[in-house]
Amino acid sequence: MRRLLVLLPTAALAASLSACGGSAVFDIPVGSCMDAASLEGDQVSRIETIDCAEEHDVEAYASTELTGDTYPGKDAILAEADEFCLGEFEPFVGTPYQESDLSFSFLYPTEESWTSSEDREILCLVIAPEPVTGSLRGAAR
């Protein structure tokens, strides 16, 4: 199971994805699209991805692997994920985050997934306020 943190322009809100079926959360590649309507619950193990040519409002836009054998703690992971995903936002979207109508979030490992599944990935997600078709790469909004 992995956690998702949704960051809105004015505040941070903890949320998660839960879905029946779908892809294992460890197997979601950058470029995958999904529907934010599935955002509920506290942890994620599977996510239903959809073709980006179909209407969606979430897209995985960057990922990074954390290092180390010992779980660094939730606060350290959140800080690293926030910094990384914010830094990757403008190069992907084409507009600075502070000027964008898009928001971002990320999936990050829990202590359980870190230990049992050797999960080290932070997966950044860009979120549109309304459904879009096609990639948000270079959307400049």
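Being a predicted model, the structure only gives us computed values, none of them experimental.

## Brief notes about the packing of aromatic side chains
One pass over the structure, following the stated rule, counts seven aromatic pairs. Each ring, one from Tyr 61 and one from Phe 92, has its centre 5.5 Å from the other, and the planes form 35 degrees; the classification is tilted. In this pair, Tyr 61 sits in strand β7 (residues 56-65) while Phe 92 sits in helix α1 (residues 74-93), placing the two residues 31 residues apart along the sequence. Seen in terms of ring centroids, Tyr 97 and Phe 104 are 5.0 Å apart; in terms of plane orientation they differ by 70 degrees. Their pairing is edge-to-face. Judged by its relative accessible area of 13%, Tyr 97 is buried. By relative accessible area, which is 2% here, Phe 104 ends up buried. Grouped by ring-pair contacts, the aromatic residues Tyr 61, Phe 89, Phe 92, Tyr 97 and Phe 104 constitute a single cluster.

## Description of the state of the cysteines
Per the stated rule, a full pass over the model turns up two disulfides. The disulfide partner of Cys 33 is Cys 52, and the S-S distance across this bridge is 1.8 Å. Looking along the S-S bond of the Cys 33-Cys 52 disulfide, the torsion reads about 95 degrees, which is the right-handed sense. A residue pair is termed long-range when its members are at least 10 positions apart, and Cys 33 in strand β4 (residues 33-34) and Cys 52 in the loop between β6 (49-50) and β7 qualify at 19 residues. Take Cys 52: its relative accessible area is 16%, and that puts it in the buried class. Two residues share a disulfide in this structure: Cys 85 and Cys 124, whose sulfurs sit 2.0 Å from each other. Across the disulfide from Cys 85 to Cys 124, rotation about the S-S bond amounts to roughly -85 degrees, and the bridge is consequently left-handed. Of this pair, Cys 85 sits in helix α1 while Cys 124 is found in strand β9 (residues 121-132), placing the two residues 39 residues apart along the sequence. The pair formed by Cys 85 and Cys 124 is uniform in burial state, with each residue classed as buried. Each disulfide of the protein chain joins two cysteines, and with those cysteines numbered along the sequence the arrangement is 1-2, 3-4.

## Details of the nonpolar core
Within the largest apolar cluster, 23 residues are counted, with the highest numbers of intra-cluster contacts made by Tyr 61, Phe 89, Phe 106 and Val 126. Looking at this core, the elements that each hand over two or more residues are β7, α1, β8 (103-109) and β9. Counting residues per element, this core draws most heavily on α1, which supplies seven residues. Core analysis: the next-biggest nonpolar cluster, separate from the first, contains 11 residues, Val 25, Ile 47, Ala 60 and Ile 127 among them.

## Examining α1
In a regular helix each residue adds 1.5 Å, so 20 residues correspond to 28 Å; α1 covers 27 Å between its end C-alpha atoms and thus fits that length. One or two steps after α1, the chain reaches Gly 94, where phi turns positive at roughly 95 degrees.

Each value, and the rule that gives it
- Residues numbered from 1 in each chain as written.
- Predicted model: local features only at pLDDT ≥ 70, side-chain atom pairs only at ≥ 80, totals over all residues.
- Heavy atoms only, no water.
- Phe/Tyr/Trp six-rings, centres within 6.5 Å; stacked < 30°, edge-to-face > 60°.
- Helix = DSSP H or I, 4+ residues; strand = E, 2+ residues; numbered from the N terminus.
- Buried < 20%, exposed > 50% of the residue type's maximum accessible area, 1.4 Å probe, protein only.
- Disulfide = S-S within 2.5 Å.
- Core = buried A, V, L, I, M, F, W, Y, C linked by side-chain atoms within 4.5 Å.
- Expected span 1.5 Å × (residues − 1).

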